[in-house]
Amino acid sequence: MPLREIGLICASALAGLTIGAPAAVAEPAPWGAGCMPTPAGATRTSANCGAELSGGHAIAPPGAPPAVKRAIAAANQIRGRPYVWGGGHASFLSRGYDCSGAVGYVLHAAGVLDQTMVSGQLAYWGESGLGRWITVYANNDHVFMVIAGLRFDTRDDPPGVTGPRWKRAKVDPRRFVARHPLGL
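Residues numbered from 1 in each chain as written. Predicted model: local features only at pLDDT ≥ 70, side-chain atom pairs only at ≥ 80, totals over all residues. Heavy atoms only, no water.

What about the overall build of the protein?
Broken down by element type, the protein carries 4 helices and 8 strands. When the elements of the protein are put in sequence order from the N terminus, they spell out α-β-β-α-α-α-β-β-β-β-β-β. On the protein, roughly 9300 Å² of surface is accessible, and the fraction owed to carbon and sulfur atoms is 58%. (Helix = DSSP H or I, 4+ residues; strand = E, 2+ residues; numbered from the N terminus. Areas by Shrake-Rupley, 256 points an atom, 1.4 Å probe, with all protein chains shown as cover.)

Below, the structure is given as structure tokens:
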């Protein structure tokens, strides 16, 4: 059997596993970039006007709240730093970041997280469900976030590339719980 087929079979099998965390919410995830028309007087959010991705950097939507703009700026600052297991846990400042260190750094910069946390703790942090602008997807083994429609994650990079990156990758909410900062 070709190696590619074996990889696809393994990926399919892993996708069906449930990781020990709070019960996942099977809601549609905010995803995508670019603005969609909104009725007059409607508020733009990640659901109708996501961040743009240019040269690996995210650009916040013009109408995003200040905390969202700070979150995107912080993610852009650490984008491309190396993956370092435990990076961002002793302090929000680190030479490299793991998944929870990167998410924690961004949430701290947005003004919504006061202490570092590991992925399992982030599965219980904040408010339950999808956020209007920021959604954190966590389980006991991994965490990533979607900010204004763009995914910020340390997984699924090309060979030889590690660390936190922006992606236009869809979210499979069956393996993660969705949490968000109050009001965002």
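Topic: the packing of helix α2 (residues 66–78) against helix α3 (residues 99–110)
The interhelical angle for the contact between α2 and α3, taken along N-to-C directions, is 140°, at an axis separation of 7 Å. Regarding the angle of α2 to α3, the classification is oblique. The handedness of the crossing between α2 and α3 comes out as right-handed. Within the contact between the two elements, α2 uses Ala67, Arg70, Ala71, Ala74, Ala75, Gln77 and Ile78 and α3 uses Ala102, Tyr105, Val106, Ala109 and Ala110. Within the contact of α2 with α3, the residues separate by chemical class into 10 nonpolar, 1 polar and 1 charged. (Axes fitted to C-alpha atoms, helices over the stretch in contact; angles between N-to-C directions. Parallel < 35°, antiparallel > 145°, perpendicular 65-115°, else oblique. Left-handed = near helix turned anticlockwise from the far one by under 90°. Contact = heavy atoms within 4.5 Å. Nonpolar A, V, L, I, M, F, W, Y, C, P; charged D, E, K, R; others polar.)

Brief notes about α3
Look at α3: 17 Å from first C-alpha to last across 12 residues, which is about the 16 Å you get at 1.5 Å a residue. When α3 is considered as a whole, its buried residues turn out to be Cys99, Ser100, Gly101, Ala102, Val103, Gly104, Tyr105, Val106, Leu107 and Ala110. Residues of α3 that are buried make contact with α2, α4 (119–122), β4 (134–138), β5 (143–147) and β6 (150–153). Sitting at the amino-terminal end of α3 is Asp98, which places a side-chain oxygen 3.4 Å from the backbone nitrogen of Ser100. Immediately beyond the C-terminal end of α3, within one or two residues, lies Gly111, with a positive phi of roughly 90°. (Expected span 1.5 Å × (residues − 1). Buried < 20%, exposed > 50% of the residue type's maximum accessible area, 1.4 Å probe, protein only. Polar contact = N/O pair within 3.5 Å; in protein donor to acceptor, adjacent residues only side chain to side chain.)

Description of the pairing of strand β8 (residues 177–180)
Residues Val177 and Arg179 of β8 are buried on one face, and the alternating residues Ala178 and His180, pointing to the opposite face, are buried as well. One ladder, built from 2 bridges, connects strand β3 (residues 127–128) with β8; its direction is antiparallel. Residue pairing for β8: Glu127 is matched across the bridge by His180. Where β4 and β8 come together, 3 bridges link them in antiparallel fashion. Within β8, the residue paired with Ala138 across the bridge is Val177. (Pairing = 2+ DSSP bridges.)

Description of the pairing of β4
For β4, the tally of buried residues reaches 5 of 5 residues, placing the bulk of the element in the interior. Alternating residues of β4 divide into Ile134, Val136 and Ala138 and Thr135 and Tyr137, and every residue in both groups is buried. Where β4 meets β5, 5 bridges bridge the pair, whose relative direction is antiparallel. The residue bridging Val136 from the neighbouring strand is Met145, located in β5. Counting the residues that bridge the hairpin from β4 to β5 gives 4 residues.

Some words on the sheet that holds β5
Taken together, the 6 strands give an open sheet; going across it, the order is β3-β8-β4-β5-β6-β7, and neighbouring strands pair in antiparallel fashion. Here the strands that pair on one side only, and so sit at the sheet edges, are β3 and β7 (165–167). Sheet contacts for α3: β4, β5 and β6; angle to β5, the most-contacted strand, approximately 35°.

Re unusual backbone geometry
Excluding glycine, residues mostly carry a negative phi; peptide bonds, for their part, are mostly trans. Despite not being glycine, Ala148 shows a phi value in the positive range, around 50°. You can see Ala148 is positioned in the loop between β5 and β6. Under the relative-accessibility criterion, Ala148 is labelled buried at 0%.

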